[in-house]
Amino acid sequence: MREQENQILQEEQPQRAFLVSLDTGEFDAQASLEELYELVRSAGAEPVASAMQKRPAPDAAYCVGSGLLEEILETCQVQEIDLLVFDRELSPTQIRNIEDKSQLRVVDRTMLILDIFAQRAQSSEGKLQVELAQLKYLLPRLYGRGTALSRLGGGIGTRGPGETKLETDRRHIRRRISSLQEQLRQVEKRREQARRRRKKDGVITVALVGYTNAGKSTLMNRLTQAGVLAEDKLFATLDPTARALKLPGGKTVMLIDTVGLVRRLPHQLVQAFHSTLEQAAEADIILNVCDASSPEARVHLEVTQSLLAELGCGDRPVIPVLNKCDLAPALLDLPAVGNSVRISARYGEGIDALLQAIEEALPVRMRRVELLLPFAQAGLAARIRREGEVLEEEYTAEGLRLTASVPPEMFSLIEPYCLPEADLEKP
């Protein structure tokens, strides 16, 4: 009985991780290592210590030099480390060599991100995408890793498709990949049909994009009371969420919360989540949300902007949204980034300015009018409801009195019925 209690206690305790970074000059290694700390915490482990080594290229056998690896293993023994996490993608040979030498579980950056996605996926589509990404990652790594893949138990890097799938031959895994791709193609078709229907109905979409943990879900909840999970964790939101957002001028748009970005996102995930990222590419307006309290806020905005350009969003209005300004008072001294809006999604600061910026970026500027329509013009009233937005309506003895926002092309039709005291907005 006591052994079972001890086992349960051990399972509840988070894995203790040692983080290893290699600086070859390809990217900002220090910033990437800081992000790795957050990734490890998001995966449910405890980052205890880290080491960084400068080298012109990774060591073919151990990624880092054998001398540093010996020092790391000594520290791991003293501090009872369970897990080695490397801030780059390792080859199967490197993983096998390090595990043989350390007798510890070894996880690289790609495996770590895949594990977080496996934890967070809730929808059937999200689970399909995660499994596809994991199998594509594991396929070239099956040879020589039979014992490592057959180990039972929990922990980072063991979630997802499951041991039974990983221990089968490569042909079976390829068949599974083909099956997943076909299922996702069907999902993409349904998504495309929904997009076409929204366009046909004249629904304007606004997509929230940006780095993970920038506060997109908090902003979504602030604007629409969507009830989306909002935590101070990387990839707290994985499955996209869409909610209606009514703007101050009366127009209703569809607000879409998308999966967050991260430095050096594994290409397996970029491919697998292409359909999810396409929601941003198809949006009429894009909100590029960043954490303004981060010293790399401007870099995050630029990286997101370049990804949007790759997705073909160059002609779409993009509004940089500098979130968490309550944590960044020094931001007031920085020059504005384009047409950026500064907000605090948590406390509601700057939300009115953001809504105004969205209205100004609408592809069709609506005009607010007050009308008195004769009852014989019921068809025109129906068209106003369909193509515009009715704010107020009242049936009177003379006819239907409406306060509405209408597209400019309808103004010539309704002008005879506009009330003289109406305050018309300029287009």
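Presented here is an overview of the structure given in this document.

What counts as what
- Residues numbered from 1 in each chain as written.
- Predicted model: local features only at pLDDT ≥ 70, side-chain atom pairs only at ≥ 80, totals over all residues.
- Heavy atoms only, no water.
- Helix = DSSP H or I, 4+ residues; strand = E, 2+ residues; numbered from the N terminus.
- Buried < 20%, exposed > 50% of the residue type's maximum accessible area, 1.4 Å probe, protein only.
- Contact = heavy atoms within 4.5 Å.
- Pairing = 2+ DSSP bridges.
- Axes fitted to C-alpha atoms, helices over the stretch in contact; angles between N-to-C directions.
- Salt bridge = Lys/Arg side-chain N within 4 Å of Asp/Glu carboxyl O.
- Parallel < 35°, antiparallel > 145°, perpendicular 65-115°, else oblique.
- Left-handed = near helix turned anticlockwise from the far one by under 90°.
- Nonpolar A, V, L, I, M, F, W, Y, C, P; charged D, E, K, R; others polar.
- Core = buried A, V, L, I, M, F, W, Y, C linked by side-chain atoms within 4.5 Å.
- Expected span 1.5 Å × (residues − 1).
- Polar contact = N/O pair within 3.5 Å; in protein donor to acceptor, adjacent residues only side chain to side chain.

Secondary-structure assignment places N323 in strand β9 (residues 318-323). Of the residues examined, N323 reaches a relative accessible area of 2% and is grouped as buried. In this structure, N323 is in contact with A214, G215, V289, C290, D291, A292, S293, I343, S344 and A345, ignoring residues within four places of it in sequence.

Once that is clear, we can look at the sheet that holds strand β3 (residues 83-86). With parallel pairing, four strands are arranged side by side in an open sheet as β2-β1-β3-β4. Looking along the sheet, the strands with just one partner apiece sit at the ends: β2 (46-54) and β4 (105-108). The average undirected angle you get between the axes of adjacent strands in this sheet is 20°. Two elements, β3 and β4, share four bridges in a ladder whose sense is parallel. Residue pairing in the sheet places F86 in a bridge with D108 of β4. Of the strands in this sheet, β1 (16-23), β2 and β3 touch helix α2 (residues 29-42), which is tilted by about 160° from β2. The strands that helix α5 (residues 109-120) touches are β3 and β4; relative to β4, the one it contacts most, it runs at about 85°.

The next subject is the pairing of strand β12 (residues 389-395). Bridge analysis of β12 against strand β13 (residues 400-406) gives six bridges, and the strand direction is antiparallel. Looking at the pairing, V390 lines up with A404 of β13. Linking β12 to β13, which pair antiparallel, is a turn of four residues; within it G399 sits at a positive phi near 155°.

Counted under the stated rule, the structure contains 13 salt bridges. Among the salt bridges present, the one from R383 reaches E387, with a minimum N-O distance of 3.0 Å. In this pair, R383 and E387 are both assigned in helix α15 (residues 378-387), four residues apart and thus about one turn of the helix distant. Judged by relative accessible area, R383 falls into the partly exposed class, the value being 27%. Across the pair R385 and E393 runs a salt bridge whose closest N-O atoms are separated by 2.9 Å. For R385, a relative accessible area of 37% translates into the label partly exposed. Look at the salt bridges and you will find they share partners, linking E35, D87 and R109 into a network.

As a further point, take the packing of α5 against helix α6 (residues 124-138). Direction vectors running N to C along α5 and α6 enclose 155°, while the axes themselves pass 10 Å from each other. It follows from the interaxial angle that α5 and α6 lie roughly antiparallel. The way α5 lies across α6 gives a crossing that is left-handed. In this structure, α5 contributes T110, M111, L114, F117 and A118 to the contact, and α6 contributes V130, A133, Q134 and Y137. Its residues assigned to classes, the contact of α5 with α6 shows seven nonpolar, two polar and no charged.

On to the environment of S405. Relative to the helices and strands, S405 is located in strand β13. Expressed as a C-alpha distance, the spacing of S405 and G250, which sit 155 residues apart in the sequence, is 6.6 Å. Those residues in contact with S405, other than ones at most four positions away along the chain, are G249, M366, R367, R368, G388, E389 and L391.

Here we come to unusual backbone geometry. Apart from glycine, the bulk of residues carry a negative phi angle, and the bulk of peptide bonds sit in the trans form. With a phi close to 55°, E80 is a non-glycine residue in the positive phi region. Note on placement: E80 falls in the loop between α3 (66-79) and β3. On the basis of relative accessible area, E80 is assigned to the exposed category, the value being 59%. With phi around 65°, K324 is a residue other than glycine that occupies positive phi space. We classify K324 as buried; its relative accessible area is 17%.

Turning to the nonpolar core, a few remarks are in order. F18, L36, V40, I72, L84, F86 and L112 are the most contacted members of the largest nonpolar core, which has 44 residues in total. With six residues, α5 is the largest single contributor of residues to this core. Listed in part, the 26 residues of the second largest apolar core include L208, L255, V321 and A361.

In this section: α2. Look at α2: 20 Å from first C-alpha to last across 14 residues, which is about the 20 Å you get at 1.5 Å a residue. Here the buried face of α2 lies against β1, β2, β3 and α5. By the N-cap criterion, in which a side-chain oxygen at the helix start approaches the backbone nitrogen of a residue two or three places on, α2 is capped by D28, the distance to Q30 being 3.3 Å. Note on α2: the residue one or two positions beyond its end, G44, has a positive phi of about 100°.

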